[in-house]
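Each chain, written out:
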Amino acid sequence: MHPLFLFLSFVALLSALGVVFAKNPVHSVLFLILTFFSLSGHYLLLNAQFLAAVNIIVYAGAIMVLFLFVIMFLNLNVDTEPHKPALARIAAAVAGGSLLLILVAALKDIVPTGVATGTPFNSQIGMVDQLGLKLYTDFLLPFELASVLFLIAMVGAVMLGKRETGERNF
Amino acid sequence: MIELPALGWQSIVIFVVFALSLLIATYCTYAERVIAAFLQDRVGPDRAGPYGLLQPLADAVKMFTKEEFFPGGANKVLFVVGPCLAMITALMSSAVIPFGNTMSFGNNAFFLQGIEVNIGMLWIFGVVSLGVYGVMIGGWASNNKFSLLGAVRAASQNISYELAMGMSLIAVLMISGTLSLREITLQQSVAGEWQMWNIVKQPIGFLIFLVCAFAETNRTPFDLPECETELVGGYHTEYSSMKLGLYLFSEYVNIFVVSAVMSVLYFGGFNFPFQYELRDWFVNSQGWELNSAQNLITLLGTVGIFLKIFAFIFFFMWVRWTLPRFRYDQLMRLGWTILIPLAVFNIVLTGALILFGVI
């Protein structure tokens, strides 16, 4: 195996464990950001540069900033954290364990593309132009629907921010 | 002639770019004071060295020798990580900026650019969006309510203006059809054609990008995260010595990078008017070889892009010492209800102009 792959997997697993085990929620968020970075490294190893960059921009650059924002405001720490009842802990463990089981069951029989079918692996598949062609030919309708959804969300945010008649802040 | 493998050449370019961004950022602190003094009719720094040129050095000595202070109850690790992250993210983005065209020696051709990747624009956008972490982590780890408020302001401001910035970049992407910054630069000047710089095709987009650049670099009139009339010093209230220095320094590195990006995207990058005519004149009238003439044009282009960058840096400082600071609700209203609808309109307009073959 590629040494870079081993290193990135090591970092990804370690920081993912850090997310779960860190006592301080802010540390958890920072570990999660590190996890996203190592995942982007994996995408780069797969020659999917666009996916790697978008993963950083959307998850590390926007969503995690909002996470950090909220957690800083809530000021969570060991003293203020409510004690969770044992039932909730057991339920969480069972739910997480079943998700793991399903993932393992779903992924245990897969074979990498090209090995089973015999078609050669296209190393350019992750490039921007290839991805764009695919999205605008085979997946045009879902793509356009998703873009309309995003536009509606954005217009909604702008409408919420608009000054109402008669409202004065200062 | 020493034969350099491509990787060796690249690492030299990266090293030079790294040193240059630090040097330019250093002298930005000097330029800021000189320009401020000029605009306010004062003398400015003139004690350290001739014309005060050694002032940045004196500042560095002061920063390094000041007491390092950790506030009580601060998260020690994150308190140190904050300024480091601010500096790292500021320096990362200059790697993909093309500072010059091709240099050819014999059969070898090299780009005057750190890394030529086909996602250069996304890389810049991604690294810029990470820049807020340094401010947020530092502000939170200080265990001070003014720092925390500054950090929270920085986060909400950056996220709000990133949207409009990204959409003004999409309009550039629509006319260029590539994410590579080198390709975008080359498209803005094709030999034998009257090719316009992108500013002519994207005036609204440039205006949006410029306003967002001010907000993303936390410069006046959008420097709400360090608004001293309300927040003491904002996110760096508790910082002293070189940790404060790194925060102040990363701001200037960010200004340098964002000026370089604006030069590349909208002002033709390393292209300058009549470059092909000048090259042909050297070849035909002066009897130069094509390669050496091309190398000279490349070097002149590098001088050109740095002149453009310095002009933008001057503009940043001019604005800082001219305009007063916005109020926080005004800042948010400008971002959400003016810039974002304007950016969407710009995308629609660009699409229509491309459809009807105007640009």
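Residues numbered from 1 in each chain as written. Chains lettered and ligands numbered in written order. Predicted model: local features only at pLDDT ≥ 70, side-chain atom pairs only at ≥ 80, totals over all residues.

**Description of the overall build of chain B**
Phase 1 of the analysis: Check the secondary structure of chain B and you find 14 helices and two strands.
Phase 2 of the analysis: Relative to the compact-globule value of 21 Å for 359 residues, chain B shows a C-alpha radius of gyration of 22 Å, a close match.
Phase 3 of the analysis: A burial count over chain B gives 45% of its 359 residues as buried. (Helix = DSSP H or I, 4+ residues; strand = E, 2+ residues; numbered from the N terminus. Rg over C-alpha atoms; globule rule 2.2 N^0.38 Å. Buried ≥ 20, exposed ≤ 12 C-beta atoms within 10 Å, placed from the backbone.)

**Quick notes on the overall build of chain A**
Phase 1 of the analysis: Looking only at helices and strands, one finds six helices and zero strands in chain A.
Phase 2 of the analysis: Ordered by position from the N terminus, the helices and strands of chain A form the series α-α-α-α-α-α.
Phase 3 of the analysis: Classification of the 170 residues of chain A by burial places 14% in the buried group.
Phase 4 of the analysis: In chain A, the share of contacts with a sequence separation of at least 24, taken over all contacts with a separation of at least 6, comes to 52%. (Contact = placed C-beta atoms within 7 Å.)

**Some points on the nonpolar core**
Phase 1 of the analysis: Ranked by internal contacts, the top residues of the largest apolar core, which has 105 residues, are B:Met136, B:Ala151, B:Ala164, B:Cys212, B:Phe256, B:Val261 and B:Met262.
Phase 2 of the analysis: Counting residues per element, this core draws most heavily on helix 11 (residues 241-266) of chain B, which supplies 15 residues.
Phase 3 of the analysis: Excluding residues within four positions of it along the chain, B:Met136 makes contact with A:Leu68, B:Ala151, B:Ala154 and B:Ala155. (Core = buried A, V, L, I, M, F, W, Y, C linked by C-beta atoms within 7 Å.)

**Here we look at the environment of B:Leu224**
Residues and elements named next belong to chain B.
Phase 1 of the analysis: Topologically, leucine 224 is positioned in the loop between helix 9 (203-216) and helix 10 (228-231).
Phase 2 of the analysis: Overall, the presence of 25 C-beta atoms within 10 Å leaves leucine 224 in the buried class.
Phase 3 of the analysis: With 93 residues separating them along the chain, leucine 224 and methionine 317 place their C-alpha atoms 17 Å apart.
Phase 4 of the analysis: Sequence-distant contacts of leucine 224, defined by excluding residues within four places in its chain, comprise Arg153, Gln157, Tyr328 and Leu331.

**Examining the UniProt feature "transmembrane region" (unreviewed entry) in chain A**
All names here are of chain A.
Phase 1 of the analysis: According to UniProt, the "transmembrane region" (unreviewed entry) feature falls on residues 46-74, 86-107 and 139-160.
Phase 2 of the analysis: Between the end C-alpha atoms of residues 86-107 there is a gap of 32 Å, over a span that is 100% helix and 0% strand.
Phase 3 of the analysis: Secondary structure content for residues 139-160 is 95% helix and 0% strand, and the end C-alpha separation is 32 Å. (UniProt positions renumbered as here; feature names shortened; annotations may be inferred.)

**Side note on the interface of chain B and chain A**
Phase 1 of the analysis: Taken together, the contact pairs 25 residues of chain B with 23 residues of chain A.
Phase 2 of the analysis: Secondary-structure elements contributing two or more residues to the side of chain B that touches chain A are helix 4 (120-130), helix 5 (132-141), helix 6 (145-176) and helix 14 (328-355) of chain B.
Phase 3 of the analysis: No other element matches helix 14 of chain B, which puts seven residues into the side of chain B that touches chain A.

**Remarks on the domain arrangement of chain A**
Residue and element names in this part refer to chain A.
Phase 1 of the analysis: Assigned domains within chain A: domain 1 (1-78) and domain 2 (122-163).
Phase 2 of the analysis: When each unit is reduced to the centre of its C-alpha atoms, the spacing between domain 1 and domain 2 is 24 Å.
Phase 3 of the analysis: Counting residues at the interface gives six residues for domain 1, matched by five residues for domain 2.
Phase 4 of the analysis: Grouping the constituent residues of the side of domain 1 that touches domain 2 by class yields four nonpolar, two polar and no charged. (Domains from an automatic or database assignment. Nonpolar A, V, L, I, M, F, W, Y, C, P; charged D, E, K, R; others polar.)

**Examining the UniProt feature "transmembrane region" (unreviewed entry) in chain B**
Residue and element names in this part refer to chain B.
Phase 1 of the analysis: UniProt records the feature "transmembrane region" (unreviewed entry) for residues 6-30, 77-100, 120-142, 163-182, 194-215, 252-276, 296-319 and 331-356 in the present numbering.
Phase 2 of the analysis: Helix makes up 91% of residues 120-142 and strand 0%. Its end C-alpha atoms lie 35 Å apart.
Phase 3 of the analysis: End-to-end, the C-alpha atoms of residues 252-276 are 34 Å apart, and along that stretch the chain is 68% helix and 0% strand.

**Focus on the environment of B:Gly49**
Phase 1 of the analysis: Topologically, B:Gly49 is positioned in the loop between helix 1 (6-39) and helix 2 (55-65).
Phase 2 of the analysis: Residues B:Gly49 and B:Met165, 116 residues apart in the sequence, show an inter-C-alpha distance of 41 Å.

**A word on the packing of helix 2 (residues 25-45) of chain A against helix 3 (residues 49-74) of chain A**
Residue and element names in this part refer to chain A.
Phase 1 of the analysis: Running from amino to carboxyl end, helix 2 crosses helix 3 at an angle of 175 degrees, the nearest separation of the two axes being 9 Å. By the angle between their directions, the pair helix 2 and helix 3 is classed as roughly antiparallel. Where helix 2 abuts helix 3, its residues Pro25, Val26, Val29, Leu32, Ile33, Phe36, Phe37, Leu39, Ser40, Tyr43 and Leu44 lie against Gln49, Leu51, Ala52, Asn55, Ile56, Tyr59, Ala60, Met64, Phe67, Leu68 and Ile71.
Phase 2 of the analysis: Classifying every residue of the contact of helix 2 with helix 3 by side-chain character gives 19 nonpolar, three polar and no charged. (Axes fitted to C-alpha atoms, helices over the stretch in contact; angles between N-to-C directions. Parallel < 35°, antiparallel > 145°, perpendicular 65-115°, else oblique.)

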